[in-house]
Amino acid sequence: MESDFKKNLADIILASFILSIFYYVPFLGSLFWIHLLLNGLFILFSSYIFLKNSEFFLKKNGVFLFIILIFSILYSLLIFNIQFVFLLSIIFAMSYSFLGYYIGFGNLKFSKFSRISSIILFFGLSWVVLAKFIDGFNYVYSIDYSVATFDLNLYNNGYNIGRTGWNTSLIILYFLFLYLFSSVENKFDKLICFLNILLILTSVIVSDGKTGILIILSFFILNLLKKINYIKSSIFLVVTSLIMYLNFDSIKYFLIENSRLGMIFDKSSDFTTGRGDAGLTAIEIIKENLLMGTAYKGGYTLFDYGYDYKDIHNVWLNIIANFGIIFFIFYFSCLTIFVFNAFKISWKDRKDFFAFYQLIIASFIVTFVEPWVFVSYLPYVAIFWFTLGMMSKSGK
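Nothing here was measured: the structure is a model prediction, and the numbers come from that model.

Moving on: the overall build of the protein chain. Within the protein chain, the regular secondary structure consists of 16 helices and 4 strands. Out of the 396 residues in the protein chain, the part that is buried amounts to 50%. Look at the contacts in the protein chain between residues 6 or more apart in sequence, and 73% of them connect residues 24 or more apart.

Here is the structure:
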């Protein structure tokens, strides 16, 4: 009976994960309140389960997240400035990690609700891809950031206001569907997963996001090579390299003229699109507020330094700038131990869950080009914490 309940709950949660990328929808606007309500229900349920069984946070791997929460509360009290958003992101992480631990990999099955949400995702991603090639399908978001107004195309930003944020959500879904594709047996379900994987890859490419393309293609090649033997892998790499060498001028021309990846070859352009300079500004902010950060005086904003975005696009620099080096060392140490333990606990089952290992690694890579990533309560971030929760239970 309990097993059936966990499988049904896992199906509902999985469906919410698949639909998590629909954050801004053309003609409808923000779905923030819908996601907030849904996440709120999951958090309340995890709290209810926690009252009945608290071993994950008291005796198991979750204790390190619990320590982060306690330390963050103490820090807020110390500076007389409660960091509600940051504390909420920690509670969000704890809740979904606990749900992942409670459900486990064994109950994560592709079923009714996840099947319906996958079909919705198929049409949603199809719209994004078609918007690149057919003007009638495109939708332009007009976003006012106070310092400037930006027109953002649907095919560039999808259902997330921000190209890198959109690519991050796609990368996380890519690994989720890799796992589902390898685990489902029904041919129709396998087809849905395969088509969504193709659309995710295509959506990343048409969005023209440097970070997304580099990460997802690197892991795509890794998975491709993993599927074939060493001889075939060597032949594939040699032939691909030869083709690229013989057509290098054409590839270079195409990239420079039609893709933001062309910045790699264009010495006159800034490949970091301003984030390198912002990083130098961040270092100056950190040097001036090294011990306690800027949170005690209301935080910082890059708007004050002439940039058209608020936060440093690097999670780790962002944490130091806001909360100081002492808090960062404590937070990073606990988080590292939590992730390391999750990997260690699930290591004997790594072949079955290889896609989830890649999900965690790719998420960490993104932390160097995004302000918050998993230090937030964005809907798709829940997949990251849920995965670590499942990994913390596997093998035990």
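Next comes the rest of the description.
So, about the environment of asparagine 61. Considering the arrangement of structural elements, one finds asparagine 61 in the loop between helix H3 (55–58) and helix H4 (63–78). For the pair asparagine 61 and leucine 388, spaced 327 residues apart in sequence, the C-alpha to C-alpha distance is 9.8 Å. Ignoring anything within four residues of it in the chain, the contact list for asparagine 61 reads Phe56, Ile337, Phe338, Asn341, Ala342 and Ser392.

On to the packing of aromatic side chains. A complete count under the given rule lists 52 aromatic pairs for this structure. Among the aromatic residues, those joined into a cluster by ring pairs are Trp316, Phe328, Phe332, Phe338, Phe364, Phe374, Phe384 and Trp385. In this structure, lysine 6 is placed above the aromatic ring of tyrosine 102, and the distance from its NZ or CZ to the ring centre is 4.6 Å.

Bringing the nonpolar core into the picture now. Of all hydrophobic cores here, the largest spans 118 residues; its most connected members are Leu176, Ile319, Tyr331, Phe356, Phe374, Trp385 and Leu388. For this core, the element with the most residues is helix H14 (residues 315–345), which contributes 15 residues. Leave out the neighbours within four places in its chain, and tyrosine 331 touches Ile68, Phe86, Trp316, Ile319, Phe374 and Val375.

Next up on the list: a positive patch on the surface. Taken together, Lys226, Lys227, Arg350 and Lys351 make up a surface patch of like positive charges. Take lysine 351: it is sitting in the loop between H14 and helix H15 (354–366). Given a relative accessible area of 74%, lysine 351 falls into the exposed group.

This part is about the pairing of strand S3 (residues 140–144). Side chains Tyr141 and Ile143 of S3 all project onto a buried face; the interleaved residues Val140, Ser142 and Asp144 project onto a face where none is buried. Of the strand pairs in this sheet, S3 and strand S4 (residues 149–153) are connected by 5 bridges, and their pairing is antiparallel. Bridge pairing in S4 links valine 140 to asparagine 153.

Right, let's talk about helix H9 (residues 187–207) for a bit. For H9, built from 21 residues, the straight-helix expectation of 30 Å at 1.5 Å per residue is met to within 8% by its first-to-last C-alpha distance of 30 Å. Listed in full, the buried residues belonging to H9 are Asp189, Ile192, Cys193, Asn196, Ile197, Leu199, Ile200, Leu201, Ser203, Val204, Val206 and Ser207. Among the structural elements, helix H6 (112–133), helix H7 (154–157), helix H8 (163–183) and helix H10 (210–227) are those in contact with the buried residues of H9. Measuring from the side-chain oxygen of the N-cap residue of H9 to the backbone nitrogen of phenylalanine 188 gives 2.8 Å; that N-cap residue is asparagine 186. The positive-phi residue at the C-terminal boundary of H9 is aspartate 208, with phi of around 65°.

Thresholds applied
Residues numbered from 1 in each chain as written. Predicted model: local features only at pLDDT ≥ 70, side-chain atom pairs only at ≥ 80, totals over all residues. Heavy atoms only, no water. Helix = DSSP H or I, 4+ residues; strand = E, 2+ residues; numbered from the N terminus. Buried < 20%, exposed > 50% of the residue type's maximum accessible area, 1.4 Å probe, protein only. Contact = heavy atoms within 4.5 Å. Phe/Tyr/Trp six-rings, centres within 6.5 Å; stacked < 30°, edge-to-face > 60°. Lys NZ or Arg CZ within 6 Å of the ring centre and 35° of its normal. Core = buried A, V, L, I, M, F, W, Y, C linked by side-chain atoms within 4.5 Å. Patch = residues over 30% accessible without salt bridge, like charges linked within 9 Å, V, L, I, M, F, W, Y side chains within 5 Å. Areas by Shrake-Rupley, 256 points an atom, 1.4 Å probe, with all protein chains shown as cover. Salt bridge = Lys/Arg side-chain N within 4 Å of Asp/Glu carboxyl O. Lys, Arg positive; Asp, Glu negative; His and termini not counted. Charge placed at Lys NZ, Arg CZ, Asp CG, Glu CD. Pairing = 2+ DSSP bridges. Expected span 1.5 Å × (residues − 1). Polar contact = N/O pair within 3.5 Å; in protein donor to acceptor, adjacent residues only side chain to side chain.

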